[in-house]
Structure formats: C-alpha cells, structure tokens
Amino acid sequence: MSGIDRFYETRLLPPGTFDGHLAEGVRADLVFPQFSEIDVEALANLNAPHALIDVDGTLTARYDSRAEGVSEATLGKIRQIEEDPRFETVSIATENGGHPEDMLHALGMSATTAVFQTWEAGALGTSWKTTERFWRKILFELDCFDEPEKVVIIGDSVVRDVVMPQTLGLKTVLVGKHDRRLRPRPLEA
C-alpha cells in the first residue's frame with residue numbers, strides 16, 4: 001500500500017468506521033467508466049437539480065488536496081454540467097484537504113462554489129462521508145433536507161459516495177473502477 005493510500009485509509013477515515021460490507025448489493029442510479037464520460041442528459045433525467053461532485057478518484061487520479069492535474073475532458077464535463085440550466089447548483093463534496101480555493105481554481109469553478117468537506121477551520125472535522133451527519137449537513141445547506149431526492153452525488157466510491165447518500169434518499173452516480181472498492185482494505189498495524 002502506498003504512503004498516500006495509507007494516509008487516506010488511516011487519517012481520513014478513522015479506524016473502525018469502514019463498513020465495507022454495507023456496500024454489498026448497493027447499486028448507484030447511474031454508472032459511468034469515468035467522469036468525462038458522464039451522459040449529462042441521463043444525469044439531468046434523474047431530476048436532481050443539485051449536483052455534488054467528489055474530487056479524489058472521481059476528478060483526480062489520487063488523493064490530491066489541491067486537485068492538480070485534472071484532464072481537459074474532465075474540466076469540459078464539469079463546465080457542461082455547470083452550464084446546463086437543469087442544474088441549479090454544482091458543488092464539491094470531499095474528504096480531502098483544507099485548500100478549497102486551490103481546488104476550485106484547478107477545477108475551473110467559481111470561488112463561490114460550495115465546498116462541503118470534513119475539514120473545519122483548517123483542521124480535520126468529526127463528520128466523514130460515511131456518516132449521516134456529513135450528508136444531512138449538505139442537505140440542510142442546499143435547502144433539500146426534506147427533499148433529498150433533489151440532490152445527486154457523483155463519486156467513485158461505493159462506500160463513501162453511494163451507501164449513505166442512497167440511505168438518505170439522494171440520487172447517486174458512480175464513476176471509475178469502483179469494483180476494487182467493494183471490499184475494505186485491511187489496515188496495517
């Protein structure tokens with residue numbers, strides 16, 4: 001396991017909270033091989049006007065708190081979603097670092113774009129993407145607390161981006177090589 005993977009598994013998801021078994025039998029509303037191949041028409045047909053986009057593994061190849069090295073095809077797809085009038089908001093939902101300004105700049109997104117993350121005041125917070133609290137906060141901020149079906153999360157992890165959001169009623173889109181995320185990795189001592 002690389003140092004970055006080790007950091008991600010041990011720091012960004014507290015040991016003991018990785019319930020990979022919850023992912024068995026879970027199916028996203030839509031699945032695409034990669035973010036740049038999302039069919040925006042199919043995405044809009046989910047009738048969820050608030051799009052949340054994960055960063056790590058979805059837009060970037062690996063954990064990257066500044067979202068550097070995003071492909072032109074991915075940047076084009078972000079713009080296509082942002083410019084589609086069927087989406088009222090396009091936001092970022094991520095567990096990665098405390099550099100939202102750099103992340104938004106690298107993604108070509110407005111500095112006013114909402115970035116929902118586990119970082120609070122520059123330090124790791126207490127609410128992870130695997131928790132109900134993380135997603136309920138987003139629903140509240142998007143004024144969709146009572147209408148979670150109006151929000152779609154686009155991500156690469158069944159556990160982080162599909163299980164809890166679907167449980168709460170959000171629409172889900174899975175991109176990338178998600179099959180490797182169906183079983184938890186054992187943590188090294």
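Just so it is clear, the structure is predicted and the values come from calculations on it, not from any experiment.

### Describing the overall build of the chain
When its secondary structure is counted, the chain shows six helices and eight strands. Listed N to C, the secondary structure of the chain is α-β-α-β-α-β-α-β-β-β-α-β-α-β in terms of helices and strands. Across the 189 residues of the chain, 50% fall into the buried class. For the chain, the proportion of contacts with a sequence separation of at least 24, taken over those separated by at least 6, is 67%. Summing over all exposed atoms, the chain offers an accessible surface of approximately 9400 Å²; the carbon and sulfur share of this is 49%.

### Description of unusual backbone geometry
Excluding glycine, a negative phi dihedral is what most residues carry, and trans is how most peptide bonds are arranged. Positioned with a positive phi, N47 is a non-glycine residue whose angle comes to about 55 degrees. With relative accessibility at 61%, the residue N47 sits in the exposed group. One non-glycine residue, D143, adopts positive backbone phi at about 60 degrees. Topologically, D143 is positioned in the loop between α5 (132–141) and β7 (151–155).

### Observations regarding the sheet that holds β7
As summarised here, the arrangement of the six strands in space is β1-β8-β7-β2-β3-β4, forming an open sheet in which the pairing is parallel. Sheet topology places β1 (30–32) and β4 (115–117) at the edges, where each strand pairs with a single neighbour. When the angles between neighbouring strand axes are averaged without regard to direction, this sheet yields 20 degrees. Here strand β3 (residues 89–94) runs beside β4; their pairing, made up of three bridges, is parallel. Across the sheet, residue I92 finds its bridge partner in β4, namely V115. Along the sheet face, α5 touches β2 (50–53), β3, β4 and β7 and points at about 160 degrees away from the line of β4. Here helix α6 (residues 158–168) sits on the sheet and contacts β7 and β8 (171–175); the angle it forms with β8, its principal contact strand, is near 165 degrees.

### As for the environment of K150
Structurally, K150 can be placed in the loop between α5 and β7. Along the backbone, K150 and H50 are 100 residues apart, and their C-alpha atoms lie at a distance of 6.1 Å. Setting aside its immediate chain neighbours within four residues, K150 contacts N47, A48, P49, H50 and C144.

### What to know about α5
Among the residues of α5, F134, W135, I138 and L139 are the ones counted as buried. The buried residues of α5 occupy an angular sector of 130 degrees when projected down its axis, which confines them to one face. Projecting away from the buried face of α5 at angles above 90 degrees are the exposed residues R133 and F140. D143 lies just past α5 and shows a positive phi near 60 degrees.

### Comments concerning the packing of α5 against α6
Between α5 and α6, the shortest axis-to-axis distance is 10 Å and the interhelical angle comes to 65 degrees. In terms of orientation, α5 and α6 fall into the roughly perpendicular class. The handedness of the crossing between α5 and α6 is right-handed. Listed contacts from α6 to E132, W135 and R136 of α5 are R160, M164, P165 and L168. Residue composition of the contact of α5 with α6, grouped by class: four nonpolar, no polar and three charged.

Procedures and definitions
Residue indices follow the written sequence of each chain, beginning from 1 at its first position. Per-residue local features are limited, in this predicted model, to residues with pLDDT of at least 70; the limit for side-chain atom pairs, both in listing and counting, is 80 or more; totals at the level of whole chains, interfaces and linings are taken over all residues. Side-chain metrics rest on all non-hydrogen atoms present in the structure, leaving aside hydrogens and water. Each helix is a run of H or I in the DSSP string that is no shorter than four residues. Each strand is a run of E no shorter than two, and both are numbered from the N terminus. For the exposure calls, accessible area comes from a 1.4 Å probe over protein chains only, and a residue counts as buried if that area is under 20% of its type's maximum, exposed if over 50%, partly exposed in between. Contact between two residues is taken to exist if any of their heavy atoms lie within 4.5 Å; hydrogens are not considered. Accessibility throughout is a Shrake-Rupley quantity obtained with a 1.4 Å probe, and a residue counts as covered only by protein chains that appear here. Strands were regarded as paired on the criterion that DSSP finds at least two bridges between them. Only the stretch in contact is used when a helix axis is fitted, and all axes are lines through C-alpha atoms; the angle between N-to-C directions ranges over 0 to 180 degrees. Directions drawn from the helix axis to the C-beta atoms are what define this arc. Note on angle classes: values under 35 degrees are labelled roughly parallel, values over 145 roughly antiparallel, values of 65 to 115 roughly perpendicular, and the remainder oblique. If you view the pair so one helix is near and one far, a crossing is left-handed when the near helix is turned anticlockwise from the far one by less than a right angle, and right-handed when it is turned clockwise. Under the convention adopted here, Pro, Cys and the residues Ala, Val, Leu, Ile, Met, Phe, Trp and Tyr are nonpolar, Asp, Glu, Lys and Arg are charged, and Gly plus all remaining residues are polar.

In short, the description is geometric, and any link to function would need to be established separately.
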